Amino acid sequence: MLENMTKMLNHAKENKYAVTQFNINNLEWTRFILEECEKEHTPVILGVSEGAAKYMGGYKTVVDMVKNLMNYLNTTIPVAIHLDHGSSYESVVAAIDAGFTSVMIDKSREDIDTNIDITKKVVDYAHARNVSVEGEIGHVGGQEDDINGSILYAEVSDCVRYCNETNIDFLAPALGSVHGPYKGDPVLAFDRMEEIKIATNKPLVLHGGSGIYDEQIRKAISCGICKLNINTELQQAWTSGVRNKLNTDSEVYDPRKIIKAGEEDIKRVIKEKITLLGTKMYD
Ligand code: 13P
């Protein structure tokens, strides 16, 4: 069943576990994720970046693809289609109008006042249409950033102000995680995470979930993380399966066989994350 993330993440918060956002890049990945999560009987969030949406043929194509696959596969688990890092009000509105059930507005590079103003507008538009909203405070780095730079970390007071003034549903505070592979060991500000959990009482989201050690993920959940975003680890797993196939089978030319060669690896990572996060089903 397609739904927004509200029930999913509130249940996770109450029961102290987390749900994974697995980012999708094409039809096959979407299918692998839906099949594995159905097998494990857990809810799932399909994350779609603006770049991935463009690659797949636009927001409407993504929504229709997910709906049709769910219908074809007889999917019964709760599924959210979530815009990852929506960069503007217009982009978020387009995703909502196309049928996304949840969106992220990411104005974390702007000053806090601008971030609040735009997020508020997004929340008004989204909530009127039963769509949930995630926002970011501080800035989650990429490979180009200094992962230990204090500039990236969210301030508790900004988080409180942002939540109070925008009525956002979920908060992604930047606390040292980065998108893409880590250069050194991930360094997360757990004390700050817990302070933000207590001060805002919102389900928290951890971006840059790939490459974070299992112990750190368990600790993050105990400090309020209810949603963990995984993209890079799925990409790496899939690529290693496909690379292995191409290296060991010089005869293969059918694209279906090549793409499918990453299926087992993707499904293994999904199962590992679901188990690690303790993801549960709810009524
Ligand atoms: P990774 O690159 O660590 O998988 O993070 C994905 C993410 O946070 C998407 O928003």
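Given the structure is predicted, the values throughout are model-derived calculations rather than measurements.

## Section: the layout of surface pockets
In step 1: Approximately 270 Å³ is the volume attributed to the largest pocket.
In step 2: If you trace the largest pocket, you find 22 residues lining it, with Asn23, Asp84, His85, His179 and Asn231 closest to the centre.
In step 3: The biggest single contributor to the lining of the largest pocket is helix H3 (residues 50-56), with three residues.

## Some details on the site of the ligand
In step 1: As a structural note, the neighbourhood of the ligand is formed by 13 residues, with Asp84, Gly208, Ser210, Asn231 and Thr232 the closest of them.
In step 2: A distance of 3.3 Å is found between an oxygen atom of the ligand and a side-chain nitrogen or oxygen belonging to His179.
In step 3: With respect to the ligand, the side chain of Asn229 contributes an N or O atom lying 3.2 Å from an oxygen atom.
In step 4: Compared with its free state, where it exposes 300 Å², the ligand has 96% of that area covered by protein.

## As for helix H6 (residues 112-127)
In step 1: In a regular helix each residue adds 1.5 Å, so 16 residues correspond to 22 Å; H6 covers 22 Å between its end C-alpha atoms and thus fits that length.
In step 2: Buried residues along H6 sit in contact with helix H5 (89-98), strand E4 (102-105), strand E5 (132-137) and helix H7 (156-166).
In step 3: Structurally, the start of H6 carries an N-cap: the backbone nitrogen of Asp113 is 3.1 Å from a side-chain oxygen of Asp111.

## Some words on the packing of aromatic side chains
In step 1: Counted according to the given criterion, the structure contains three aromatic pairs.
In step 2: Look at Trp29 and Trp238: their rings are 6.0 Å apart centre to centre, the planes differ by 50°, and that puts the pair in the tilted class. Placement of the pair is Trp29 in helix H2 (residues 27-40) and Trp238 in helix H10 (residues 232-248), with a sequence separation of 209 residues.
In step 3: Relative to Tyr125, the ring of Tyr89 lies with its centre 6.3 Å away and its plane at 80°, an arrangement referred to as edge-to-face. With a gap of 36 residues between them, Tyr89 in helix H5 and Tyr125 in helix H6 connect regions that are remote in the sequence.
In step 4: On the basis of relative accessible area, Tyr125 is assigned to the buried category, the value being 17%.
In step 5: The ring of Tyr89 carries Lys121 above its face, with NZ or CZ at 4.2 Å from the centroid.
In step 6: The ring of Tyr125 is capped by Arg129, whose NZ or CZ atom sits 3.5 Å from the centre of that ring.

## With respect to the nonpolar core
In step 1: Core analysis: the biggest nonpolar cluster contains 80 residues, and Ile24, Ile33, Val62, Phe100, Val103, Met193 and Leu234 have the highest contact counts within it.
In step 2: The dominant element in this core, judged by the number of residues it contributes, is helix H4 (residues 59-72), at seven residues.
In step 3: Apart from the residues within four sequence positions on either side, Met193 is in contact with Leu175, Leu204, Leu206, Ala220, Cys223 and Ile225.
In step 4: Of all hydrophobic cores here, the second largest spans 13 residues; its members include Met8, Tyr17, Phe170 and Tyr282.

## Observations regarding the state of the cysteines
In step 1: Going through the model one piece at a time under the given rule, you end up with zero disulfides.
In step 2: Summary of cysteine pairing: Cys159 is not part of a disulfide, and the nearest cysteine sulfur, belonging to Cys163, is at 6.5 Å.
In step 3: Exposure remark for Cys159: the relative accessible area of 0% places this residue in the buried category.
In step 4: Cys226 provides the cysteine sulfur closest to Cys223, a residue in no disulfide bond, and the two sulfurs are 11 Å apart.

## A short note on the pairing of E4
In step 1: Here E4 shows no split at all, with Ser102 and Met104 on one side and Val103 and Ile105 on the other all buried.
In step 2: Bridging between strand E3 (residues 79-86) and E4 involves three bridges; their strand directions are parallel. Pairing of Gly86 across the sheet is with Ile105, part of E4.
In step 3: The handedness of the E3 to E4 crossover, carried by H5, is right-handed.
In step 4: The pairing of E4 with E5 spans four bridges and is classified as parallel. In the sheet register, Ile105 faces E5, and the bridge partner there is Gly135.

## Digging into the confidence of the model for the protein chain
In step 1: Across the protein chain, pLDDT averages 95, with 96% of residues at or above 70.
In step 2: Between residues 147-151, whose pLDDT stays under 50, and residues either more than four places distant or in other chains, the model counts eight contacts.

## Details of the pattern of salt bridges
In step 1: The tally for this structure, following the rule as stated, stands at 17 salt bridges.
In step 2: Notably, a salt bridge pairs Glu215 with Arg218, separated by 2.4 Å at the nearest N-O pair. One end of the pair, Glu215, and the other, Arg218, are both in helix H9 (residues 214-222), three residues apart, so they sit about a helical turn from each other.
In step 3: The exposure class of Glu215 is exposed, given its relative accessible area of 56%.
In step 4: The partner of Lys260 in a salt bridge is Glu263, with the nearest N and O atoms 2.6 Å apart.
In step 5: According to the relative accessible area criterion, Glu263 is buried, its value standing at 14%.

Parameters at a glance
- Residues numbered from 1 in each chain as written.
- Predicted model: local features only at pLDDT ≥ 70, side-chain atom pairs only at ≥ 80, totals over all residues.
- Heavy atoms only, no water.
- 1 Å grid on protein atoms, 1.4 Å probe; cavity = no way out; pocket = protein on both sides within 12 Å on 5 of 7 lines; lining within 4 Å.
- Points joined across faces, edges and corners; volume = space filled by probe spheres on them.
- Helix = DSSP H or I, 4+ residues; strand = E, 2+ residues; numbered from the N terminus.
- Near = heavy atom within 4 Å.
- Polar contact = N/O pair within 3.5 Å; in protein donor to acceptor, adjacent residues only side chain to side chain.
- Areas by Shrake-Rupley, 256 points an atom, 1.4 Å probe, with all protein chains shown as cover.
- Expected span 1.5 Å × (residues − 1).
- Contact = heavy atoms within 4.5 Å.
- Phe/Tyr/Trp six-rings, centres within 6.5 Å; stacked < 30°, edge-to-face > 60°.
- Buried < 20%, exposed > 50% of the residue type's maximum accessible area, 1.4 Å probe, protein only.
- Lys NZ or Arg CZ within 6 Å of the ring centre and 35° of its normal.
- Core = buried A, V, L, I, M, F, W, Y, C linked by side-chain atoms within 4.5 Å.
- Disulfide = S-S within 2.5 Å.
- Pairing = 2+ DSSP bridges.
- Right-handed = clockwise from strand over helix to strand, strands pointing away.
- pLDDT = per-residue confidence, 0-100.
- Salt bridge = Lys/Arg side-chain N within 4 Å of Asp/Glu carboxyl O.

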